[in-house]
Amino acid sequence: MIGIFLILAFGAIAMARDFLMPLSLGILLFFVFSPICRGMVRMGVPRPIAAALITAALFAGLVAAAASLTVPVSNVMENAPRLLFELESKLDRLQGSMKGIQEAAEKIDELSNGGSDDETTIKAETQSEDSFLNSLARTTPQLFAQLAFTFVLLYFMLASGHLLYKRIVQSFSAISDKRQALEAMYEIEESLGSYLGAITLINACLGVAVGLAMWLWGMPAPLLFGVFAFAVNFVPYVGAVAGVALSTVVALVTMPGVFQPVLVGLTYFVLTSTEGQFVTPYFVSRRLRLNTVVVFVTVALWAWLWSVMGMIVAVPMLVVLRVLCSYVPGLRSFGNFLAGDDEPEPVKGAAGS
């Protein structure tokens, strides 16, 4: 029964991704910004107005970031065909020894298909372009709808945060359980705020470092590289690999030879490795560190379930899960397994704690 339940649960999570992704993001943002909203209320700002100001500021920041990237992205899109052609030309030169075998294979494919290879290529390119445009036209309204749902949900949760906490506390009968439920909510706020605040600041510094490094190497659109490094570094392991691969590929197109592109990729690797091995462990609290194996498996699992958004929310959800495990007696051993240090997890509510 447990196995069947897990299979059905994962299937339901995957099928309901269009609803659960913005819902999860809205809840995580609520825990992050709830202390700020509560502080504004203590300063005399009405809670609905405080919630509206926080939501509007977050939305304005997203719009400003997107607007600042409009010109670099448009330039990259205009030069994309030329860059792809140069990349194909360089790869052809690197694979010159395999050209004869490739031409023979293409002739065999042409004879077996019974048609012109040019016609097949044109049809394939047309179908690929149509499918890309159709996919873009289908996903863009859906993305905006999910963002709108996230911001509206965040506003309502911030505006009624005190009521949500009150209802959660009232659902328990014992006074000790009420107190621990409220403590758990506040610790989730503190843990998520501390973790995401530290990670955001570290990623911003990494983005500046990557942008400057790409500018010094003479790479095109260094601003985009900096923003890309900032964004993808929220995804552990995968973000660093994607950044190294992208910088190396673009360097292969824009720089002569192979030695310089390798150095560009190595520069990106050194920066992300320094951040991951020294900077983040120093600035992130010890109690927020997680088991690296668990983090990797969790990121892979949520990437399979929710694609890119799953990779982004995987670690914050793991932080929330670890906090909840420390308050549920039956899950404390599992919470210790999630921890990234060798110190035992303190037992909540124990005598002398």
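Residues numbered from 1 in each chain as written. Predicted model: local features only at pLDDT ≥ 70, side-chain atom pairs only at ≥ 80, totals over all residues. Heavy atoms only, no water.

### With respect to the overall build of the chain
And then number 1: Helix and strand counts for the chain come out as 13 helices and zero strands.
And then number 2: Helices and strands in the chain line up, N terminus first, as α-α-α-α-α-α-α-α-α-α-α-α-α.
And then number 3: The proportion of buried residues among the 353 residues of the chain is 30%.
And then number 4: Taking all contacts inside the chain whose residues are at least 6 apart in sequence as the whole, residues at least 24 apart take part in 70%. (Helix = DSSP H or I, 4+ residues; strand = E, 2+ residues; numbered from the N terminus. Buried < 20%, exposed > 50% of the residue type's maximum accessible area, 1.4 Å probe, protein only. Contact = heavy atoms within 4.5 Å.)

### Some remarks on the packing of aromatic side chains
And then number 1: For the structure on display, the rule yields ten aromatic pairs.
And then number 2: Aromatic pair Y165 and Y186: ring centres 5.9 Å apart, planes at 70 degrees, arrangement edge-to-face. Of this pair, Y165 sits in helix α7 (residues 161-170) while Y186 is found in helix α8 (residues 175-216), placing the two residues 21 residues apart along the sequence.
And then number 3: An aromatic cluster of at least three residues, connected via ring pairs, comprises F30, F31, Y165 and Y186. (Phe/Tyr/Trp six-rings, centres within 6.5 Å; stacked < 30°, edge-to-face > 60°.)

### So, helix α11 (residues 259-283)
Because each turn of an α-helix spans 3.6 residues, side chains separated by three or four positions end up pointing in the same direction.
And then number 1: Its 25 residues give α11 an end-to-end C-alpha distance of 35 Å, which sits within 8% of 36 Å, the value for a rise of 1.5 Å per residue.
And then number 2: Along its length, α11 shows its largest kink, about 40 degrees, at E275.
And then number 3: Here α11 has its buried residues at P261, V264, G265, Y268, T272, E275 and T280.
And then number 4: Where the residues of α11 are buried, they touch α8, α9 (222-232) and α10 (238-254). (Expected span 1.5 Å × (residues − 1). Bend = angle between axes of the 7 residues up to and from the residue.)

### Quick look at the pattern of salt bridges
And then number 1: Counting across every chain of the model gives one salt bridge.
And then number 2: R38 is paired through a salt bridge with E189; the nearest N and O atoms lie 2.5 Å apart. One end of the pair, R38, is in helix α2 (residues 17-42); the other, E189, is in helix α8, with 151 residues separating them in the sequence. E189 carries the same exposure label as R38, and that label is buried. (Salt bridge = Lys/Arg side-chain N within 4 Å of Asp/Glu carboxyl O.)

### Examining the confidence of the model for the chain
And then number 1: When pLDDT is averaged along the chain, the result is 80, and 76% of the positions lie at 70 or above.
And then number 2: Per-element averaging of pLDDT across the chain places helix α5 (residues 99-113) at the bottom with 57 and α2 at the top with 91.
And then number 3: Below a pLDDT of 50 lies the segment residues 120-129, which in the model reaches zero contacts outside its immediate sequence neighbourhood of four places, other chains included. (pLDDT = per-residue confidence, 0-100.)

### A few points about the side chain of T150
And then number 1: Along the polypeptide, T150 turns up in helix α6 (residues 117-159).
And then number 2: Ignoring anything within four residues of it in the chain, the contact list for T150 reads P22, L25, G26 and L29.

### A closer look at the packing of α8 against α11
And then number 1: Axis separation between α8 and α11 bottoms out at 11 Å; the angle between their running directions is 155 degrees. Taken together, α8 and α11 sit at an angle that is classed as roughly antiparallel. Of the two elements, α8 crosses α11, and the hand of that crossing is right-handed. Judged by residue contacts, A198, I199, I202, L206, A209, V210, A213 and M214 of α8 engage V264, T267, Y268, L271, T272, E275, V279, T280 and F283 from α11.
And then number 2: Per-class residue counts for the contact of α8 with α11 are 13 nonpolar, three polar and one charged. (Axes fitted to C-alpha atoms, helices over the stretch in contact; angles between N-to-C directions. Parallel < 35°, antiparallel > 145°, perpendicular 65-115°, else oblique. Left-handed = near helix turned anticlockwise from the far one by under 90°. Nonpolar A, V, L, I, M, F, W, Y, C, P; charged D, E, K, R; others polar.)

### A few points about the nonpolar core
And then number 1: Ranked by size, the top nonpolar core spans 46 residues in total, and within it F30, F31, L158, I188, L192, Y195 and V299 carry the most contacts.
And then number 2: Residue assignment for this core shows that the elements contributing at least two residues are α2, α3 (47-68), α6, α8 and α12 (292-327).
And then number 3: In terms of residues, this core owes the most to one element, α12, which gives 15 residues.
And then number 4: The next biggest cluster of nonpolar side chains, apart from the first, holds 13 residues, and it includes M219, A229, M255 and Y268. (Core = buried A, V, L, I, M, F, W, Y, C linked by side-chain atoms within 4.5 Å.)

### Thoughts on a nonpolar patch on the surface
And then number 1: A cluster of nonpolar side chains, namely I2, F5, L6, F10 and W304, defines an oily patch on the protein surface of about 610 Å² accessible area.
And then number 2: Broken down by element, the residue count for the nonpolar patch peaks at four residues, all from helix α1 (residues 2-15).
And then number 3: For W304, the position within the fold is in helix α12. (Patch = residues over 30% accessible without salt bridge, like charges linked within 9 Å, V, L, I, M, F, W, Y side chains within 5 Å. Areas by Shrake-Rupley, 256 points an atom, 1.4 Å probe, with all protein chains shown as cover.)

### Side note on unusual backbone geometry
And then number 1: With a phi close to 50 degrees, A221 is a non-glycine residue in the positive phi region.
And then number 2: As for its position among the elements, A221 is in the loop between α8 and α9.
And then number 3: Positioned with a positive phi, S307 is a non-glycine residue whose angle comes to about 60 degrees.
And then number 4: Within the secondary structure, S307 sits in helix α12.

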